[in-house]
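# Geometric and topological summary
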Amino acid sequence: MADGCSGLDSYEEEMDDDSSSDCEITIKATKRKQKPMPGLQPPKIARLEAAPGVMSSPTPSPLDSSLREEDEEEEQQQRSPGTRRQATPRPAAIENKRNQGISSKDIYDAVCSGKSAMVAVVDEWLDVYKQSREAGLLVLINFIVVSCGCKGVVTRDMFDTMNNAEIISLLTRDFDEDKAPYPLCTPGPQLKRVKAGLCEFTRVLVNSCRNSLIYDEYLFPSLLALLTGMSDSQVRAFRHTSTLFAMKLMTGMVDATVSVLVQQQTTKRQLDMENSKSLQDRAPDRLEGLQAAVGELRENRAELSSMMNGTFRGVFVHRYRDLLPEIRAICIVELGVWLKTDPEDFLNDSCLKYLGWMLHDKQRPVRLQCVCALQSLYEEQEFIGRLELFTGRFKERMLSMVLDKEPDVAVETVNLLLLIQQRTEEGLSEDECGIMYPLVYASHRGLAAAAGGFLYNKLKCMIANCNQEDGLRDNAAFFHILISFYIQSEVHDHGAYLVDSLWGVAGSELRDWETMTALLLQDDGLNYEEEGVLVELMMCTIIQAAQGLPPAGRTRGKKILNMKEKKLQEQDRRRITTHFIPLLPQLLAKYSADAGKVSRLLKAPSYFDLEMYASTARLEKSLDLLLSQVCGIVSKHAEAAVLEACADLVGTLCSGCYTFSSRAHLAFSQLLDGLTECFSTYLSDLLQGTADDNDVYNAAIALKRIAALGSVRDPTGLKLFDSCVELLKSRLESRELDEELMVSALRFAAFHLMWAKVNAVNSPPAEAELNRLKRQVRLFCRVCQNCLSLDQADIRDQAFELLCDLLLLYSRISGSPQSVLQTLVLPPSDSLRSEMAGFLVDYIFSDTDADLNAGGEEDMKTILLLQRKRNQLAGYCKLVIFGVLDLSAATDVFKHYSKYFKDFGDIIKETLSKSKLISPVQSAKTVCLTLQQMFSEIPAEDRSRQNLYEINDLAKRLAMNFGVDLHHVRRPLVALHMDGIGFAFRDPQEGEGRSPNVAFLEILSDFSFKLLPPDRVQLTEFLNSKCPTAALSWPSVRMYQRSLEDRLAKPRKLDKGSRAVSSHETPVAKVRKLAPQGSWLDSSSLQSGLPTPALTSTIQRQPALQLITGKPAAASSASSDLAEPEPESEDEFSGLPIRKVKPTSHRQPLFIKSNPSLSYRDVNSKFTLLSLIEDDEEDGREDPESEDSGSDSYTLPSTRHLSSNVLDELFD
């Protein structure tokens, strides 16, 4: 075969000569040959008289070079006795029998049903063709026409008197593409069944004809000529269907070519063996038969190659750049099959260039099929040498596609790069590998798993080297390298995501808890930082094995485990329990002074099978050791994370469902008694104000530990509530505000009241006890109300959160219907409502960035502050939703919906939705009241349109929350408008002018587009009754009146006019929509010049991770056959503006190191995780060409606690 460069040069010359024919139907416009007279030998039909402008070029295709290497003398040998001739006319009896054969409609029904045996269908058609090949071909042609969805029929007269171009033109005039979708674009499962049936029919047809009819120089040349002409049609259905048929026929011919080549090589070897014999031993008859067989096989291969060349040039070369992505995908899929099936003819740079070019396609299916086709090639080791030039030219593009905006394309690209790393000698450099390492933290689980497979392959290579140098065990070396990667990646607090990424490929290593604990218990095995990382990874593997669920952010709905997964999960749980029960006390003892490690280790028993503690005496001893260690940790630490972990473990071990719970109760009761005694020692000095700083600190720490345990154990028996309230009151009076002491006192007092309410519901106490509890609740609420105005943020925030919880717990909705408990209902006072509303304005709806700059804190502190504000706002909204506060109290929340949409939009939107369920009309009036309050805050002299912009923006957002069911929102909207009109024309107060609020009608007009015509009429009458006659001409009133006008008449007129314009007597080709400016099909130039195609980037834009740089792709022109021009180049891959991949720096050769500009701690990248749900209108405003542009980058999982639904977590 000729080399790749010469093949491309000749191909480019051929494209220059033939580009002018791209937009024309290039079927040879000659009449069909009439049947020869009986008894006469007709001349041989020229092969594939389809597109002379494309296929008659003397320039060789990639398939011609192998044929030119054949011996010319053997090519001129006479055809064997099996030479095919023209069919002679058949008698009338046979014609009548033929008319009873299978029809095109029968074939189509059998193909679409998917229930018929395709071999039987093809055999029936072959019977018709053997009786009359013209009739058989006509049936096949009409089957193709029916498959296009065309109602036209190719008659025998048309077939005999018209050429292909005229037939296609006539069918085009009869085809109404707008009436119904054609079969290959039918939505639903029918599409898959039809496409599979058409492909199967084509495959069986070629297989049935591969030994005879494929060489009759009539059936396949005529069929391919028609398909080539239809593939150039402007009718999408013709182009799509004919391309599918042509490409599948081409695939069948490629298979037949490979089979003929194998037979030719076998026969050639037999001929050479016969020629090597002496003259006496030769068999002349056998020798002559072998020579004839070799010549016939060579001629058959030449005939197949001729048809494949015509199909490749006439169909593939034009349709691989078609406007329709489905057509481009079909071409790429079949090209991948040809490359793998017949590498001798196709696996060269002349054909590989198409895969490289289409890696830049804008549409996901095309890029995906390109990557999948390349995977099948790189899987074959013998193809690697032929792919060397391609790999060098397009590696950068493949590296950039790991950040493709479509996750499935990125997943397959990572798998492709893994094959390149494994199969090629050069592989990937360390900088190139570093591009894929951060993807193990991606939120898309499939992409993360693919990146985990790539990382695992790299780790295994390094493990082999480590074992040779250090003599470590495989798993020990694995954990050393994994720890090093985790530290160097500098993406901490995401161990669960790294473990989940590696779980599928490295599950056996990650389940090796014996090696992990052995490394942790060694004295000199790991340094301090490595021990912390290993503890985190070990706990992540325990959670992954015990729960069998991905971490938050990677799950799509609730996963249901099958029986096999449940069985494996139970086995892992037993292994974890058996291994860690004796070792956990040792680990806690070793790391008892380290708050971070201890807080993680204390979570392990939650995933044990705790019943095993009571199975043997040895395990009961381990339980005593564990209880002792937990009590010691509580006595040592005062960090909130450690105390919370201890409290969770205490609640688990003290659960009544376990037989050993009494021993846990005893141990922790003794601990609480000791802490209470410690706190009581300092209490008198604290109340008298004589305690020094050391006493205050010790009392605060003791009370903090008691409050932490009080969240899971009933603290009412400690009798500390009155002491804590007196302590809070004395501190507030003296203004000696120790934050830790007061926060602990607030928490303990609140837990006391919560447990008292639970006890009262379970066993109603005496009336005196209820009155005492009622006084305690009111006293504590007054103390918390006084704390809301303090400057200390911790005290103020804790008081607000506890107030929200207690008001909800002691509200009417939670009160028992029993009369004896009704005295506990706590309605908030007016002053408390006012204080809580002021807290929202002053401390929640405030600028987060300003808080950050004022305090000089880090970005992570800002995120934690935002999370705390979200929790506080959710607590307040729950009071509104559950009826503790009136709906009117929600105005303080709704008025910030637009300004703070990024931070709190999802919470406010959920509150709006819940309020509509409570009372739709009252909810709408609350929305109107919100706008009225904002309008009233603006001075009358400043109420210009520019100053009302913020209110107008809020009104538009609130209007979109009314939904799309206009009949359902009629009453709420009418009530809103009536309230708004009444506010606009209210009586002026002293010092105000006439109708001071009339400008409010401009804001109210933003809600008019959802009104139904009867409501518009009603509101117009109401407006006229309220509005003074002189005010009807004011701009605001006129603007509101125009918004109430029925706008449905004008669109009807336009629609009628548009139908009149589009109607026509003579059917014409469907006008295609032009691609937008800057796209790859933004010109309909018919010039013959073929510029380089725009290599549009499909990489996701990301502000934090800039791996790709490059210039914007220039616009290119498209020929009128809706195809993308093909690049011109002197070699196969030059002249391609491929985007460069900027390698990131590394701390060590293996792993990527984050630079400051792409720090994962960037607050903006973190806030993308808090992006809120856009309303319906904003979703509709998205760029219609959004799929052509990159979306947000793959963000790292949030460091804050996430559930599967954040709103459920907040409102639970």
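So, a few notes on the structure that sits alongside this text. Here the structure is a predicted model, which means the values were calculated and not measured.

### Examining the packing of helix α40 (residues 859-881) against helix α42 (residues 901-918)
Taken N-terminus to C-terminus, the directions of α40 and α42 make an angle of 10°; their axes are 10 Å apart at the nearest point. Here α40 lies roughly parallel to α42, going by the angle between them. Of the residues in α42, those touching α40 at Leu866, Lys869, Arg870, Leu873, Ala874, Cys877, Val880 and Ile881 are Asp903, Phe904, Asp906, Ile907, Ile908, Thr911, Lys914 and Ile918. Taken together, the residues of the contact of α40 with α42 break down into 10 nonpolar, one polar and five charged.

### Let's talk about unusual backbone geometry
With a phi angle near 60°, glutamate 217 is a residue other than glycine that sits in the positive phi range. Within the element layout of this structure, glutamate 217 appears in the loop between α11 (189-209) and α12 (219-231).

### Focus on helix α47 (residues 1013-1026)
For α47, with 14 residues, the first-to-last C-alpha span of 20 Å sits near the 20 Å given by 1.5 Å per residue. Taken as a whole, α47 has its buried residues at Asp1015, Arg1016, Leu1019 and Leu1023. Taken down its axis, α47 places every buried residue within 100° of arc, on the same side. α47 presents Pro1014, Glu1021 and Ser1025 as exposed residues on the side facing more than 90 degrees away from its buried surface.

### A look at the pattern of salt bridges
Where charged atoms of side chains with opposite charge meet at close range, the side chains can pair. All told, the structure shown has 42 salt bridges when counted by the stated rule. Linking glutamate 736 and arginine 731 is a salt bridge whose minimum nitrogen-to-oxygen distance equals 3.5 Å.

### A word on α40
An α-helix turns once per 3.6 residues; consequently, residues spaced three or four apart project the same way. Taking 1.5 Å per residue, 23 residues should reach 33 Å; α40 reaches 33 Å between its end C-alpha atoms and fits that length. The positive-phi residue at the C-terminal boundary of α40 is glycine 883, with phi of around 85°.

### Thoughts on the packing of aromatic side chains
Each aromatic ring pair is specified by the distance between its two centres and by the angle formed by the two planes. All chains considered together, the criterion is met by 29 aromatic pairs. Geometrically, the ring pair formed by tyrosine 320 and tyrosine 354 is edge-to-face, given 4.9 Å between the ring centres and 75° between the ring planes. Of this pair, tyrosine 320 sits in the loop between α14 (284-319) and α15 (325-341) while tyrosine 354 sits in helix α17 (residues 349-358), placing them 34 residues apart in sequence. The pair tyrosine 320 / tyrosine 354 is uniform in exposure class, with both members buried. Centre to centre, the rings of phenylalanine 845 and tyrosine 900 are 5.6 Å apart; their planes meet at 50°, and the pair counts as tilted. Within this pair, whereas phenylalanine 845 is found in the loop between α38 (830-844) and α39 (848-855), its partner tyrosine 900 is found in the loop between α41 (891-894) and α42, the two being separated by 55 residues in sequence. Under the relative-accessibility criterion, phenylalanine 845 is labelled buried at 5%. Overall, the relative accessible area of 11% leaves tyrosine 900 in the buried class. Ring-pair connections join several aromatic residues into one group, and the members of that group are Phe312, Phe316, Tyr320, Trp338, Phe346, Tyr354 and Trp357. Across from the ring centre of tyrosine 218, 4.1 Å away, lies the NZ or CZ of arginine 133, which sits over that ring. Directly above the ring of phenylalanine 901 sits arginine 957, whose terminal nitrogen or CZ lies 4.3 Å from the centroid.

Rules behind the numbers
Residue numbering note: each chain is counted from 1, following its sequence as written. Whole-chain, interface and lining totals are the exception, using all residues; otherwise, since this is a predicted model, local features are given only for residues with pLDDT of at least 70 and side-chain atom pairs are given and counted only at 80 or more. Excluding hydrogens and water, the side-chain figures rest on all heavy atoms present in the structure. Fitted lines through C-alpha atoms give the axes, limited to the stretch in contact for helices. The angle between two N-to-C directions lies from 0 to 180 degrees. For the purposes of this entry, the term helix denotes a DSSP run of H or I that reaches at least four residues, the term strand denotes a run of E that reaches at least two, and both are numbered from the N terminus. Oblique is the label for any angle not under 35 degrees, not over 145, and not in the 65 to 115 range, which are roughly parallel, roughly antiparallel and roughly perpendicular in turn. The contact definition used throughout considers only heavy atoms, calling two residues in contact when any of these lie within 4.5 Å. Throughout this entry, Asp, Glu, Lys and Arg are counted as charged residues, while Ala, Val, Leu, Ile, Met, Phe, Trp, Tyr, Cys and Pro are counted as nonpolar. The remaining residues, Gly among them, count as polar. Take the residue count of a helix, subtract one, and multiply by 1.5 Å to get its expected span. Burial here depends on accessible area, computed with a 1.4 Å probe over protein chains only, as a share of the maximum for the residue type. Under 20% is buried, over 50% is exposed, and the range in between is partly exposed. What the arc covers is the set of directions going from the helix axis to the C-beta atoms. A pair is scored as a salt bridge if a Lys or Arg side-chain nitrogen falls within 4 Å of a carboxyl oxygen belonging to Asp or Glu. Only rings of Phe, Tyr and Trp enter the pairing, Trp through its six-membered ring, and a pair is recorded when the two centres are within 6.5 Å. The plane angle decides the type: under 30 degrees is stacked, over 60 is edge-to-face, the rest tilted. In this scheme, the term charge over a ring applies when either NZ of a lysine or CZ of an arginine sits within 6 Å of the ring centre and within 35 degrees of the ring normal.

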